[in-house]
Amino acid sequence: MNFIQVFVEAFRSMNANRLRTSLTMLGIIIGITSVVMMLAVGDSARRFISKELEVLGSNLMIISPGANRTQGVKARSGTAPSLSVEDAVALDGLSSLNGAAPALQGFFQISAGSENSNNAVLGITPAMFKVRNWKIEQGSYFSESDIRGAARMVVIGRKIAADFFYKSNPLGKFIRIDNVPFQVVGVLQGEGRMFDGGDLGDMVLIPITTARATLMRSAFPSNVHYVVVQGRNEKTLKDADQDIKEVLRDRHRIRLEQPDDFRIENLASIAETGAKISAGLSAMLGAIGAISLVVGGIGIMNIMLVSVTERTREIGIRMAIGAKPRDVLLQFLTEAVVICLVGGIIGILCAMGGAAAITSTGTLEVIIGAGAMAIACGFASFVGIFFGFYPARRASRLLPVDCLRYE
Amino acid sequence: MGSVAGNIGTRGLIDIHQVAKSYFSGGVETRVLFGIDLLVPHGDFLAVMGQSGSGKSTLMNILGCLDQASGGTYKLNGVDTLSLSRSELAAIRNRTIGFVFQSFNLIKRMSVAENVALPLIYAGVSRDKAYRKALLELEKVGLKDYAKRMPNQLSGGQQQRVAIARALVGDPPLILADEPTGNLDTQTSVEIMRSLQQLNAERGITILLVTHEPDIAAYSKRLVRLKDGRVLYDGPAVEGLRQLALSHEVAAGQLVS
């Protein structure tokens with residue numbers, strides 16, 4: 001008995017009971033849809049998060065100053081002038097860190113020609129480019145000597161470049177920040193949301209020294225608004241956290257019983273939360289899929305048992321004219337597997353529809369890969385074989401003489 | 001299957017010796033056959049007669065390798081069948097025996113040609129070859145034009161001819177016909193019996209027929225009458241039927257007097 005014949009007969013008997021077959025398939029369809037969606041959503045969320053992390057920079061921690069206390073009332077954090085450039089330099093030397101970059105931040109009116117807007121301006125050192133993994137698309141970023149010289153230079157994001165200079169080359173042109181002219185020396189690569197809610201494309205970056213000298217004057221000249229540090233790798237992030245605390249407490253002369261006058265935020269933990277949410281979603285879809293497949297499989301077993309009983313006489317005829325027990329087993333097993341595989345393919349199509357629906361909402365781009373499809377087909381076949389085996393074996397063990405007597 | 005075609009020997013196609021069969025139900029043993037001996041040479045045309053309960057169906061099932069005897073020996077075409085596995089028995093049925101049943105037993109969902117081709121498919125013949133052979137057999141029973149029809153679109157007589165074509169498609173040496181005319185009218189019965197006679201005469205196929213009608217048994221060469229699981233008569237059909245008729249007359253006479 002060759003395989004084509006077995007498949008032809010499986011399809012024929014499925015076709016003979018179309019309604020029953022499709023109802024039986026339903027469980028498998030739901031199960032496979034869930035499994036494929038689980039794989040696709042999990043995969044897409046992972047891709048989304050790693051892309052997000054790329055924009056954020058990896059293994060980043062942000063250190064901000066603590067809060068000022070005025071008559072026992074705690075103001076919002078970051079208000080105390082407790083973090084300095086020297087702190088950043090000290091942290092830069094830590095072996096558990098790749099680097100530490102101080103930053104000053106303020107909102108200013110920026111203008112060029114007839115265009116103007118209110119924008120965040122960051123005063124930074126070249127270390128920031130390294131730590132944040134920022135790349136330059138055009139031109140260059142400022143050097144250490146530009147920092148020392150408090151040069152009036154600016155590196156801008158792509159959106160700023162497009163808004164202020166349209167399609168012309170912004171390099172060498174001037175932007176006025178709070179009416180102070182700055183020469184554009186570079187344009188940042190990439191766009192996208194960052195941890196502080198800002199967009200990479202909206203960046204206006206100037207040397208930290210220039211910022212202090214012209215835009216953000218302070219009674220504490222070495223004070224910075226925050227320091228961004230990059231850990232060596234994910235595993236040493238905890239150690240790095242400990243090291244930073246030690247260095248800063250020591251430098252700030254904080255006594256043992258006193259609390260920190262700074263705050264350390266781990267950006268990786270944000271990504272971790274995202275990963276946990278997507279893992280939770282995947283687990284839920286997986287559970288739905290598993291339950292549906294088991295229930296669907298039991299449905300298939302049930303229907304196959306009915307089918308064996310209904311076709312007892314046919315089994316007898318087949319055995320009489322030469323079907324071996326193995327042929328009968330194969331016939332019923334193939335039927336169960338084909339039901340599951342067709343259900344699986346319909347399930348994959350449903351999942352594709354679901355993926356397209358999610359993608360169209362714009363929150364997450366869900367792509368169903370060939371791997372997910374292969375796994376789905378594997379699952380479907382497994383369910384067919386697992387739940388189809390018992391009825392098929394029962395059919396194959398019937399005695400021809402009993403079958404032929406069956407009415 | 002060299003072993004099946006193997007030793008034909010001097011002992012004939014069917015050689016059963018002291019075949020017994022008993023059923024167990026609820027711990028009670030019911031004996032149906034009590035040591036039957038039967039030797040059927042190649043080319044024989046044998047009718048088995050008996051009332052219901054005589055054991056003729058049981059004997060038929062054992063001879064057709066559909067059921068196993070509880071005791072005795074059964075050699076079919078020189079092969080001892082009692083020691084064979086279910087798969088081996090299936091192969092024997094496939095190559096050695098063609099079945100014709102009272103209720104035709106065609107598979108409803110398959111076309112006429114597919115039904116006829118099925119034994120060859122189970123024998124491992126390719127689909128193309130099997131269909132060509134099936135059409136050839138259908139032509140011989142005069143139903144080539146019906147090849148693509150479904151069985152329920154055919155009359156009873158036509159369905160039985162399809163069943164005969166299916167029985168013959170594998171060129172078996174033996175045909176077992178279990179009440180082949182039981183569901184047919186007289187005219188069609190005669191046609192079916194004539195074609196079986198023809199097969200026996202022209203192709204030398206051994207035919208074993210089970211019936212309870214003397215008219216049908218009259219087409220055979222030899223008659224075996226069973227009663228209560230034992231052989232009552234084994235001899236030429238003409239003589240057997242004469243004795244049977246006589247016993248009926250006696251019985252009728254007794255009733256009249």
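Residues numbered from 1 in each chain as written. Chains lettered and ligands numbered in written order. Predicted model: local features only at pLDDT ≥ 70, side-chain atom pairs only at ≥ 80, totals over all residues.

### Here we look at the overall build of chain A
Right, on to step 1. A tally of regular secondary structure across chain A gives 13 helices and 12 strands.
Right, on to step 2. Taking 22 Å as the expected radius of gyration for a compact globule of 407 residues, we find that chain A reaches 33 Å, considerably beyond that expectation.
Right, on to step 3. Taken over the C-alpha atoms alone, chain A extends approximately 105 × 60 × 35 Å along its principal axes.
Right, on to step 4. Among the 407 residues that make up chain A, the fraction classed as buried is 39%.
Right, on to step 5. Look at the contacts in chain A between residues 6 or more apart in sequence, and 80% of them connect residues 24 or more apart. (Helix = DSSP H or I, 4+ residues; strand = E, 2+ residues; numbered from the N terminus. Rg over C-alpha atoms; globule rule 2.2 N^0.38 Å. Buried ≥ 20, exposed ≤ 12 C-beta atoms within 10 Å, placed from the backbone. Contact = placed C-beta atoms within 7 Å.)

### As for the packing of helix 4 (residues 112-122) of chain B against helix 5 (residues 127-140) of chain B
Residues and elements named next belong to chain B.
Right, on to step 1. Relative orientation of the contacting elements helix 4 and helix 5 amounts to 120 degrees, with a least axis distance of 8 Å. Compared by their axis directions, helix 4 and helix 5 come out oblique. The chirality of how helix 4 crosses helix 5 is right-handed. Contacts between helix 4 and helix 5 involve Val112, Ala113, Val116, Ala117, Leu120 and Ile121 from the former and Arg127, Ala130, Tyr131, Lys133, Ala134, Leu135, Glu137 and Leu138 from the latter.
Right, on to step 2. Here the residues of the contact of helix 4 with helix 5 are counted per class, giving 11 nonpolar, no polar and three charged. (Axes fitted to C-alpha atoms, helices over the stretch in contact; angles between N-to-C directions. Parallel < 35°, antiparallel > 145°, perpendicular 65-115°, else oblique. Left-handed = near helix turned anticlockwise from the far one by under 90°. Nonpolar A, V, L, I, M, F, W, Y, C, P; charged D, E, K, R; others polar.)

### Description of unusual backbone geometry
Residues and elements named next belong to chain B.
Right, on to step 1. Even without being a glycine, asparagine 77 presents a positive backbone phi close to 55 degrees.
Right, on to step 2. For asparagine 77, the location among the structural elements is in the loop between strand 4 (71-76) and strand 5 (79-80).
Right, on to step 3. The backbone phi angle of aspartate 171 is positive, close to 50 degrees, even though this residue is not glycine.
Right, on to step 4. Mapping aspartate 171 onto the fold places it in the loop between helix 6 (156-168) and strand 7 (174-178).

### Focus on helix 7 (residues 208-215) of chain A
Right, on to step 1. Restricting attention to buried positions, one finds in helix 7 of chain A the residues A:Ile208, A:Thr210, A:Ala211 and A:Arg212.
Right, on to step 2. Lining the buried residues of helix 7 of chain A we find strand 4 (97-112), strand 5 (115-124), helix 5 (144-148) and strand 10 (204-207) of chain A.

### Some thoughts on the sheet that holds strand 8 (residues 206-211) of chain B
Residue and element names in this part refer to chain B.
Right, on to step 1. Pairing within the open sheet is mixed, and its six strands lie in the order 6-7-8-3-9-10. Of all the strands in the sheet, just strand 6 (97-100) and strand 10 (230-236) have a single pairing partner and so form its edges. Strand-to-strand twist across the sheet, computed as the mean angle between neighbouring axes with direction ignored, equals 15 degrees.
Right, on to step 2. Bridging between strand 9 (residues 222-227) and strand 10 involves six bridges; their strand directions are antiparallel. In the sheet register, lysine 227 faces strand 10, and the bridge partner there is arginine 230. (Pairing = 2+ DSSP bridges.)

### Quick look at the domain arrangement of chain A
Right, on to step 1. Here the domain parsing of chain A yields domain 1 (3-52 + 272-405) and domain 2 (81-260).
Right, on to step 2. Placing the centre of domain 1 of chain A and that of domain 2 of chain A at their C-alpha centroids yields a distance of 56 Å. (Domains from an automatic or database assignment.)

### Observations regarding the interface of chain A and chain B
Right, on to step 1. Listed as interface residues are 20 residues of chain A and, on the opposing side, 20 residues of chain B.
Right, on to step 2. Every element with two or more residues in the side of chain A that touches chain B is listed here: helix 1 (3-16), helix 10 (312-320), helix 11 (325-361) and helix 13 (400-405) of chain A.
Right, on to step 3. For the side of chain A that touches chain B, the element with the highest residue contribution is helix 1 of chain A, accounting for five residues.
Right, on to step 4. Of the residues belonging to the side of chain A that touches chain B, the class tally is 12 nonpolar, three polar and five charged.

### So, the nonpolar core
Right, on to step 1. One finds A:Val36, A:Ala40, A:Ala336 and B:Val48 to be the most contacted residues of the largest nonpolar core, which totals 127 residues.
Right, on to step 2. Sort the elements by how many residues they give to this core and helix 11 of chain A lands first, with 14 residues.
Right, on to step 3. Aside from chain neighbours lying at most four places away, what touches A:Ala336 is A:Ile300, A:Met304, A:Gly384, A:Phe387, A:Gly388 and A:Ala392. (Core = buried A, V, L, I, M, F, W, Y, C linked by C-beta atoms within 7 Å.)

### Let's talk about the sheet that holds strand 5 of chain B
The strands making up a sheet associate through hydrogen bonds between their backbones, and the pairing can be parallel or antiparallel.
Residues and elements named next belong to chain B.
Right, on to step 1. The strand order across the open sheet formed by four strands is 2-1-4-5, and the pairing between neighbours is antiparallel. Two strands lie at the open edges of the sheet, namely strand 2 (28-40) and strand 5, each paired on one side alone.
Right, on to step 2. Bridge count between strand 1 (residues 14-25) and strand 4: five bridges; the pairing is antiparallel. If you follow aspartate 15 over to strand 4, its bridge partner there is lysine 75.

### A closer look at the pairing of strand 1 (residues 60-65) of chain A
Residue and element names in this part refer to chain A.
Right, on to step 1. Relative to strand 11 (residues 226-231), strand 1 runs antiparallel, the two being bridged by four bridges. Within strand 11, the residue paired with methionine 61 across the bridge is valine 229.
Right, on to step 2. Where strand 1 and strand 12 (residues 262-266) come together, five bridges link them in antiparallel fashion. If you follow serine 64 over to strand 12, its bridge partner there is arginine 263.

### Quick look at the packing of helix 1 of chain A against helix 11 of chain A
Residues and elements named next belong to chain A.
Right, on to step 1. One way to put it is that helix 1 packs onto helix 11 with a least axis distance of 9 Å and a crossing angle of 65 degrees. Between helix 1 and helix 11 lies a crossing of right-handed hand. The residues of helix 11 that touch helix 1, namely those facing Val6, Phe7, Glu9, Ala10, Phe11, Ser13 and Met14, are Leu330, Gln331, Thr334, Glu335, Val338 and Ile339.
Right, on to step 2. Residues belonging to the contact of helix 1 with helix 11 are distributed by class as follows: eight nonpolar, three polar and two charged.

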